[in-house]
Amino acid sequence: MIAATVVADGLERLGLVAVALLAAGALLAPTARWRALATAGALALAPVLLVAHIWNGEQLRTIRDRPAVAAAGVVIALGAVALAALALRRRPAVAVVAALVAMPFRIPLHVAGTTVNLLLPLYLVIAAGASARVLAALTDPPAEEPALRGAGLRWALAAAVVLYAVQAAYSPDFETALQHVVFFYVPFALLFALVADAPWTSTLQRACIAALAGLGVLFCAVGAVEFATRSILLNDKLKTHNAYSPSFRVNSLFYDPNIYGRFLVVVILVVAAVLTATRDRRRVASAVVLLAVLWTGLLTTLSESSFGALLVGLAVLVALRIRMPRPLTLVAVALVLAVAAVALPALIGAGPVSLHRVTTGRSDLVRGGAQLFAERPVQGWGSGSFTREYRDQRKGTSRAAVSASHTTPLTVAVEQGVPGLVVYVALLLAAWGAVVRGPRGSPAIAALAAVVAALVFHSLLYAAFLEEPLLWTALGALAALGAAPGRPAAQRRDTAGRRAAAAPAIR
C-alpha cells in the first residue's frame, strides 16, 4: 500500500513536469504543427492531473457518487468547447476579445465545505481558442511557416513554467504547486500564445479598448451601488472589516478590493494612452469622463498597492509617450515616489507603533522570508511551499494570517532560490526588450509597457504575478506588437517634414 502511494505520488510529479514541458512546447516549438500538438497535449493532460490528484478527496465525492451525471457534464462541456472552437477557427481576434471579457469573472464554487473562486469563463475561452488553433494548424497548415513573435518573452515564460514544475518535485506542499500549474501557468501559457499569434490590427486594438472600458464602467457601477448601500456582494471577510472599520472598501464583482483596484488601474492606463494619442475633441471628452468614472471607482477600493501601481504605470506611459532619452531613469524615480506615497502616510499617521502594525504584518513576512531564503539560497524550499514553511518554522509573529508572502520576488526567492530569481529577472528584461524593439512612439506599445510595469509593481505589494491573466495577456500583445519593425529614423524625419509642410498654419 505504501509502495503504491509512493509510485502514484512520483507519477503525479512527473506528470506535472510533462504538462509544463507541453506548455513550453506550445510556446516554443519550431513549427505550427508541433505547437498545435503540444497545445493539445497540455489541454488534455492538465485536467487529468488535477482530477487524479483529488479523485479520492471530498472535492469529488458528488462526482464519484453520481458517475452518470458527471459523465454527462463532461460530454456537455467538451461539446461546448468543440462548438466554440469551430466558431473561432478562423477568428482568432474574436478569441482574444472574448478572453479579455471573461478574464475578470470568477465563479464561486462550494466544494467540500469551502468556497473556491475559479476563472471558469476564462478557462472555457482558452480551451476553445486553443482548440481552434490546433484544428487550424493540423488541417490547414500555412504555406510558409511564420516566425515566432516575441521569442525572448516566450523563452522566459517557458523557463518559468518548467522550472516551477521541476521544483515542485521536492516541495513539501505539492498540492499548491500542482494547483498553480494547472489553474494558472499552463492555461495562461496557452492564453499568451493565443494573444501573441493573433493578428493585432487596429480593429482588434479598438475592440480590446472598448471591452476594457465597458468592463470598467460596469464594475464601477456595481462598486458605486455597494458604496451607496454599504453592502458587499462577495467576501465575508471584507464585510467583517467594513463592519468594524471607519472606512468602507468595495470590491464590485471581484473577491478582493486589491484585485478590483488592479483591474481598474489597467483600464485607466489604457484609456490614458488613448487620450495621449488622439486630438479629436469628442474622443478627448469621452476619455476624460471615463477616466473620472474609473478614478472614482479606484478611490472606493482604498487599495494602496493599486494607487502605487497607477503612479508607476503613468510614469512609464509619460516617459515613453514624450520619448524621454532615458526613460529607465524616470521609471526608477517613479518607483521610489510610489513606494513613498504608499508607505509615508501610514508611517506619519501611525505614531509610536511597531513596524508590524504599520505594514499590517508584512514586515514579519519579509523578515521570515529572508531567513528562509538564507537557509536554502540555491534550490529553495520547493514550488508553492512559502506558506507551509513560514508557518511550520514560525518565521514571524503573525502565524495565523499567513496565506502568501504578498511580495513576488520574496516568494520566488524562498520557493525557487537563485534559479527562480534569475528566471524572474530574465522575464522582466525580456518584457523591457520587447518595448525597446517596438515601433518608436507607438501608443499601443506605451500602453502595454505601462500596464506591465503597473502589474509588476502591484505584485511587489500584493503578489499574484504569473497568477494574473492580465499580465500574460499584456505580454502576449507586447510580443505581437513589439515584433513590428519600426521605421528608420531618416524615414520618420522625412514623413514628419511632409506632414508639417502639408499642415495648415496656426492662426
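Cut-off values and rules
- Residues numbered from 1 in each chain as written.
- Predicted model: local features only at pLDDT ≥ 70, side-chain atom pairs only at ≥ 80, totals over all residues.
- Heavy atoms only, no water.
- pLDDT = per-residue confidence, 0-100.
- Helix = DSSP H or I, 4+ residues; strand = E, 2+ residues; numbered from the N terminus.
- Contact = heavy atoms within 4.5 Å.
- Polar contact = N/O pair within 3.5 Å; in protein donor to acceptor, adjacent residues only side chain to side chain.
- Axes fitted to C-alpha atoms, helices over the stretch in contact; angles between N-to-C directions.
- Parallel < 35°, antiparallel > 145°, perpendicular 65-115°, else oblique.
- Left-handed = near helix turned anticlockwise from the far one by under 90°.
- Nonpolar A, V, L, I, M, F, W, Y, C, P; charged D, E, K, R; others polar.
- Expected span 1.5 Å × (residues − 1).
- Buried < 20%, exposed > 50% of the residue type's maximum accessible area, 1.4 Å probe, protein only.
- Patch = residues over 30% accessible without salt bridge, like charges linked within 9 Å, V, L, I, M, F, W, Y side chains within 5 Å.
- Areas by Shrake-Rupley, 256 points an atom, 1.4 Å probe, with all protein chains shown as cover.
- Salt bridge = Lys/Arg side-chain N within 4 Å of Asp/Glu carboxyl O.
- Phe/Tyr/Trp six-rings, centres within 6.5 Å; stacked < 30°, edge-to-face > 60°.
- Lys NZ or Arg CZ within 6 Å of the ring centre and 35° of its normal.
- Core = buried A, V, L, I, M, F, W, Y, C linked by side-chain atoms within 4.5 Å.

Caption draft 1: Inspection of the confidence of the model for the protein chain at higher detail. Looking at the protein chain, pLDDT values average 82 and 81% of them are 70 or higher. Across the protein chain, the secondary-structure element scoring lowest on mean pLDDT is helix α21 (residues 489-502), at 39, and the one scoring highest is helix α7 (residues 151-167), at 96. Across residues 396-402, confidence stays below pLDDT 50; counting only partners more than four residues off in sequence or on other chains, it has 15 contacts.

Caption draft 2: Region of the structure containing the environment of Thr229. Inspection of the secondary structure assignment puts Thr229 in helix α9 (residues 202-229). Within the structure, Thr229 has its side chain in polar contact with the backbone oxygen of Val225 (distance 2.6 Å). For Thr229, the side chain forms a polar contact with the side chain of Ser231, separated by 2.7 Å.

Caption draft 3: Broad picture of the packing of α7 against helix α8 (residues 174-196). Look at α7 against α8: their axes get within 10 Å of each other, and the N-to-C directions meet at 165°. Our classification of the angle between α7 and α8 gives roughly antiparallel. Our pair here, α7 against α8, has a crossing hand that is left-handed. Contact with α7, carried on its side by Leu153, Arg154, Leu157, Val161 and Tyr164, involves Ala177, His180, Val181, Tyr185, Phe192 and Ala196 of α8 and no other residues of that element. Partitioned by chemical class, the residues of the contact of α7 with α8 number nine nonpolar, one polar and one charged.

Caption draft 4: A look at helix α13 (residues 304-321). Spanning 18 residues, α13 covers 26 Å between terminal C-alpha atoms, matching the ideal 26 Å at 1.5 Å per step. Along α13, the positions that sit buried rather than exposed are Ser305, Ser306, Gly308, Ala309, Leu310, Val312, Gly313, Ala315, Val316, Leu317, Ala319 and Leu320.

Caption draft 5: Here's a closer look at a nonpolar patch on the surface. Taken together, Val7, Leu11 and Leu14 make up a surface patch of nonpolar side chains, about 310 Å² in accessible area. Val7 sits in the partly exposed class, given a relative accessible area of 48%.

Caption draft 6: Highlighting the side chain of Arg35. Within the fold, Arg35 resides in helix α2 (residues 32-54). At 2.8 Å, the side chain of Arg35 forms a polar contact with the backbone oxygen of Ala29. Ignoring any residue separated from it by four or fewer positions in sequence, one finds Arg35 in contact with Gly25, Ala26, Leu27, Ala29, Pro30, Glu145 and Leu148.

Caption draft 7: Seen up close, the packing of aromatic side chains. The final tally for this structure, using the stated rule, is 13 aromatic pairs. When the ring of Tyr123 is compared with that of Phe183, the centres are 6.3 Å apart and the planes differ by 20°; the resulting orientation is stacked. On the criterion of sequence distance, the pair formed by Tyr123 in helix α6 (residues 120-139) and Phe183 in helix α8 is long-range, its members being 60 residues apart. When sorted by exposure, Tyr123 lands in the same class as Phe183, which is buried. Geometrically, the ring pair formed by Phe219 and Phe254 is edge-to-face, given 4.9 Å between the ring centres and 70° between the ring planes. Of this pair, Phe219 sits in helix α9 while Phe254 sits in the loop between α10 (236-243) and α11 (257-277); the two residues are 35 residues apart in sequence, bridging distant segments of the chain. The class for Phe219 is buried, based on a relative accessible area of 0%. Connected via pairs of aromatic rings, a cluster forms that spans Phe105, Phe219, Phe254, Tyr260 and Phe263. The ring of Phe227 carries Arg230 above its face, with NZ or CZ at 4.4 Å from the centroid. The positively charged end of Arg376 is found above the aromatic ring belonging to Trp381, 4.1 Å away from the centroid.

Caption draft 8: Highlighting the nonpolar core. By size, the foremost hydrophobic cluster in this structure holds 127 residues, and its most contacted members are Leu16, Leu153, Phe192, Trp200, Leu466 and Leu475. Among the elements that line this core, the one with the most residues is α8, at 16 residues. If near-sequence neighbours (up to four positions away) are discounted, Phe192 is found in contact with Leu27, Leu153, Arg154, Leu157, Trp472, Leu475, Gly476 and Ala479. Leu372, Phe386, Tyr390 and Leu410 belong to the second largest nonpolar core, which has seven residues in total.

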